[in-house]
Amino acid sequence: MGGAKTDIILLNESDIRCDGRKIDELRKIIIKAGVLQNANGSSYIEFGNNKILVGVFGPRDVHPKHLANTNTGILRCRYHMSPFSVDERKNPAPSRREIEISKVIKEALEPSVILKKFPRTVVDIFIEVLQADGGSRCAALNAASVALADAGIPMRDLVSACAAGKIANSIVLDVNNEEDQFGQADMPVGYMPNLEKITLIQLDGILTHNEYATCIDVAIQGCKTIYQIQKKALIDKFFQGDIK
């Protein structure tokens, strides 16, 4: 974040970003539910040039059994980037970044999932990044939430996620790969819109107090827009688009 020099113009004099978007404009988002036959729930998301597939399995017995909780179910998450998901071939072994993002996504989803109904069981979330383009943790979180709902896991609300950030001294919505690498700040936010509760907030970079507050507000507005797309994906699967 920041530091490195680049010839890319992140924001021109007309407040148009390097990918042609306005400062308050999301990238194109496509979400589909129920795309994997062998999973209990699944989803596919295209978020900008991110392409991510998610499968959910469970509730099912915990193995090894000593990990089971007698009072509640547990949630496990595996975020994995395919070797071909980035420009240079990635080592297929889990990286420190993938382990960290797996933990972040799990903890962002836990407030939304009602696991006490399923003690001694586990719900497994497998996230496969087919193509990465900045903001993959937010895209993955959006897809994972839809996949959980598709699996019929009881939920308090969907979790919607979007990042805001700072480039060229301006606060922008939905930071892309170039803005993430060469911008001044990046703030991913996970949010339950119906309950108005934040489940994830991270910050890479430096913001003033006012910029911090603005970033949160901008990200939440993005989350609310994504929430509608998530709901539509589920409606399209279960009601074939008959209910608006």
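Trainee: When you look at the layout of surface pockets in this model, what are you seeing that I'm missing?
Mentor: Over the atoms rolls a probe the size of a water molecule, and in doing so it shows where empty space is left. Size it by volume and the largest pocket reaches roughly 400 Å³. If you go around the largest pocket, you meet 23 residues; those closest to its centre are Arg97, Gly135, Ser136, Arg137 and Asp180. Looking at the lining of the largest pocket residue by residue, the classes come out as 8 nonpolar, 8 polar and 7 charged. Here the second largest pocket defines a volume of roughly 180 Å³. If you trace the second largest pocket, you find it lined by Ser85, Val86, Asp87, Ala132, Asp133, Asn177, Glu178 and Gln181.

Trainee: What exactly am I supposed to notice about the pattern of salt bridges here?
Mentor: Side-chain pairing between opposite charges can occur once the charged atoms of the two side chains come close. The tally for this structure, following the rule as stated, stands at 16 salt bridges. We note a salt bridge from Asp133 to Arg27, for which the minimum N-O separation is 3.3 Å. Taken together, the positions of Asp133 in the loop between strand 5 (121-131) and helix 2 (136-150) and Arg27 in the segment before strand 1 (29-33) put the pair 106 residues apart, joining distant regions of the chain. Across the pair Glu211 and Lys166 runs a salt bridge whose closest N-O atoms are separated by 3.0 Å.

Trainee: Looking at this structure, I do not really get the environment of Thr214. What am I missing?
Mentor: Checked against the element boundaries, Thr214 lands in helix 4 (residues 209-239). By relative accessible area, Thr214 is classed as partly exposed at 36%. Each C-alpha atom of the pair Thr214 and Gly48 lies 23 Å from the other, and the pair is 166 residues apart in sequence.

Trainee: When you look at helix 2 in this model, what are you seeing that I'm missing?
Mentor: Residues three or four positions apart in an α-helix share a direction because the helix packs 3.6 residues into each turn. With 15 residues, helix 2 should cover 21 Å at 1.5 Å per step; its first-to-last C-alpha distance of 21 Å lies within 8% of that length. Burial of helix 2 is extensive: 14 of the 15 residues sit out of reach of the surface.

Trainee: Could you clarify how one ought to interpret the side chain of Thr121 in this entry?
Mentor: Looking at the element boundaries, Thr121 is found in strand 5. Each residue touching Thr121, except ones within four places of it in the same chain, is listed here: Pro59, Arg60, Val62, Gly73 and Ile74.

Conventions and cut-offs
Residues numbered from 1 in each chain as written. Predicted model: local features only at pLDDT ≥ 70, side-chain atom pairs only at ≥ 80, totals over all residues. Heavy atoms only, no water. 1 Å grid on protein atoms, 1.4 Å probe; cavity = no way out; pocket = protein on both sides within 12 Å on 5 of 7 lines; lining within 4 Å. Points joined across faces, edges and corners; volume = space filled by probe spheres on them. Nonpolar A, V, L, I, M, F, W, Y, C, P; charged D, E, K, R; others polar. Salt bridge = Lys/Arg side-chain N within 4 Å of Asp/Glu carboxyl O. Helix = DSSP H or I, 4+ residues; strand = E, 2+ residues; numbered from the N terminus. Buried < 20%, exposed > 50% of the residue type's maximum accessible area, 1.4 Å probe, protein only. Expected span 1.5 Å × (residues − 1). Contact = heavy atoms within 4.5 Å.

Function-wise, these values are silent; they only describe arrangement.
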